[in-house]
Amino acid sequence: MSSGTDRAAGSDELTVVHLVRHGEVHNPGGVLYGRAPGYHLSELGRKMADRVAEHLADRDITYVVASPLERAQETATPVAAAHGLELATDGRLIEAENIFEGKTFGIGDGALRRPANWKYLTNPFRPSWGEPYVDQVVRMSAALAAARDAARGHEAVAVSHQLPIWVVRSWAERRRLWHDPRRRQCTLASLTSFTYRGDEIVSVGYSEPAIDLVPAHLRGGGAKAPKGAGKAFGA
């Protein structure tokens, strides 16, 4: 049995969980694929996954886990292989639910052209078109904690999807959850890295090891960190 002193010492142990967004997806139809099966990485996306693996090759990675969706599994596979680890799966890392899944999304030529769909846009703060932001935070923070526990004193990699990553980061950095999607700092194959001291998040970092592979029009609003980002919390 551990003594009180041992537990106190353990509370200062640092663990890093790198929350990785998957690489580019082959999506010739331009639909909002969401949780639909069958959407794999494109050739460029596979290069992005390899780049992430190269970037993390010298890190102390002891646990790799991914969303069950193909694009996340395929992004995580080179990372796990580089460290000789078996890839784990956690359903809590999955993409957010969205009522427009499987449809093109736009006003002129997409799902928003139909007035019947407008009712889903009534509350952007929840949001009314999909999984509540609070629910995403609950499952994503639990998945992060599980990865942290699996890699205590080392580093873990968890591959997920843009919106859940951004929402849990916003929660960790104590910002509002509703936001302008164009301002998310979470480009393809990026790393949002959570450092824990014991069980507490003390800082959040962000890096883009494959940014040179990301087409310019997909880089989004990641050029500038949002207000309050990158600070330490609870340190």
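Our structure is the block above this text.
All values reported here derive from a predicted model rather than from experimental measurement. (Residues numbered from 1 in each chain as written. Predicted model: local features only at pLDDT ≥ 70, side-chain atom pairs only at ≥ 80, totals over all residues. Heavy atoms only, no water.)

S.K.: Could you give me a rundown of the overall build of the protein chain, with the residues and numbers involved?
M.R.: Secondary structure assignment for the protein chain yields five helices and six strands. In the protein chain, buried positions account for 48% of the 235 residues. Here the analysis covers contacts within the protein chain between residues at least 6 apart in sequence; of these, 71% occur between residues at least 24 apart. When the accessible surface of the protein chain is summed, it comes to about 11,600 Å², and 52% of that surface belongs to carbon and sulfur atoms. (Helix = DSSP H or I, 4+ residues; strand = E, 2+ residues; numbered from the N terminus. Buried < 20%, exposed > 50% of the residue type's maximum accessible area, 1.4 Å probe, protein only. Contact = heavy atoms within 4.5 Å. Areas by Shrake-Rupley, 256 points an atom, 1.4 Å probe, with all protein chains shown as cover.)

S.K.: Lay out the sheet that holds strand β3 (residues 88-89) with the relevant residues and their values.
M.R.: Sheet strands associate in pairs through backbone hydrogen bonding, adopting either a parallel or an antiparallel arrangement. Spatial strand order, β3-β2-β4-β1-β5-β6: six strands in an open sheet with mixed pairing. Whereas interior strands pair on both sides, the edge strands pair on one side only; in this sheet they are β3 and β6 (200-207). When strand β1 (residues 14-21) meets strand β4 (residues 155-160), the two strands line up parallel, connected through six bridges. Among the inter-strand pairings, V20 is bridged to a residue of β4, identified as V159. Helix α4 (residues 133-150) contacts β1, β2 (61-66), β4 and β5 (191-197) of the sheet and is inclined by roughly 130° relative to β1. (Pairing = 2+ DSSP bridges. Axes fitted to C-alpha atoms, helices over the stretch in contact; angles between N-to-C directions.)

S.K.: Requested: an account of the packing of α4 against helix α5 (residues 162-172), with residues and values cited.
M.R.: Contact geometry of α4 with α5 gives a least axis separation of 9 Å together with a crossing angle of 85°. Judged by the inter-axis angle, α4 sits roughly perpendicular to α5. Together, Y133, Q136, V137, R139, M140, S141 and L144 of α4 and L163, P164, I165, V167, V168 and W171 of α5 make up the contact between the two elements. Considering only residue class, the contact of α4 with α5 consists of 10 nonpolar, two polar and one charged. (Parallel < 35°, antiparallel > 145°, perpendicular 65-115°, else oblique. Nonpolar A, V, L, I, M, F, W, Y, C, P; charged D, E, K, R; others polar.)

S.K.: Explain the environment of D90 to me, and be specific about the residues and the numbers.
M.R.: Summarising the element assignment, D90 is placed in the loop between β3 and α4. Overall, the relative accessible area of 12% leaves D90 in the buried class. Through-space distance from the C-alpha of D90 to that of M140 is 9.9 Å; in sequence the pair is 50 residues apart. If near-sequence neighbours (up to four positions away) are discounted, D90 is found in contact with V65, A66, S67, P68 and A143.

S.K.: I'd like a description of the pattern of salt bridges, backed by residues and values.
M.R.: Two side chains bearing opposite charge may form a pair once their charged atoms approach each other closely. Evaluation of the coordinates by the stated rule reveals 13 salt bridges. One salt bridge connects R92 with D90, and the closest N-O pair in it is separated by 2.9 Å. Judged by its relative accessible area of 33%, R92 falls in the partly exposed class. Taking the shortest distance from any N to any O, the salt bridge between E173 and R169 comes out at 3.1 Å. The pair formed by E173 and R169 is uniform in burial state, with each residue classed as buried. (Salt bridge = Lys/Arg side-chain N within 4 Å of Asp/Glu carboxyl O.)

S.K.: Lay out the environment of P132 with the relevant residues and their values.
M.R.: Looking at the element boundaries, P132 is found in the loop between β3 and α4. It is 8.7 Å that separates the C-alpha atoms of P132 and A96, two residues lying 36 residues apart in sequence.

S.K.: Explain the pairing of β6 residue by residue, including any values.
M.R.: Looking at chain direction, β5 and β6 are connected through seven bridges and run antiparallel. Note that in β6 the partner of L191 across the bridge is S207.

S.K.: Break down the side chain of E155 for me, with residues and values.
M.R.: Assignment of secondary structure puts E155 in strand β4. According to the relative accessible area criterion, E155 is buried, its value standing at 10%. Here H18 takes part through its side chain, which lies 2.7 Å from a polar atom of the side chain of E155. When sequence neighbours within four positions are dropped, the list of residues in contact with E155 reads V16, H18, R59, D60, I61, T62 and Y63. (Polar contact = N/O pair within 3.5 Å; in protein donor to acceptor, adjacent residues only side chain to side chain.)

S.K.: Quick rundown of α5? Include the residues and the values.
M.R.: Of all the 11 residues making up α5, 10 are buried; the element is thus mostly covered by neighbouring parts of the structure. Within the sequence span of α5, burial applies to Q162, L163, P164, I165, W166, V167, V168, R169, S170 and A172. The inward-facing, buried residues of α5 contact β1, α4, β4, β5 and β6. Trailing α5 by a residue or two, R174 shows a phi angle of about 60°, which is positive.

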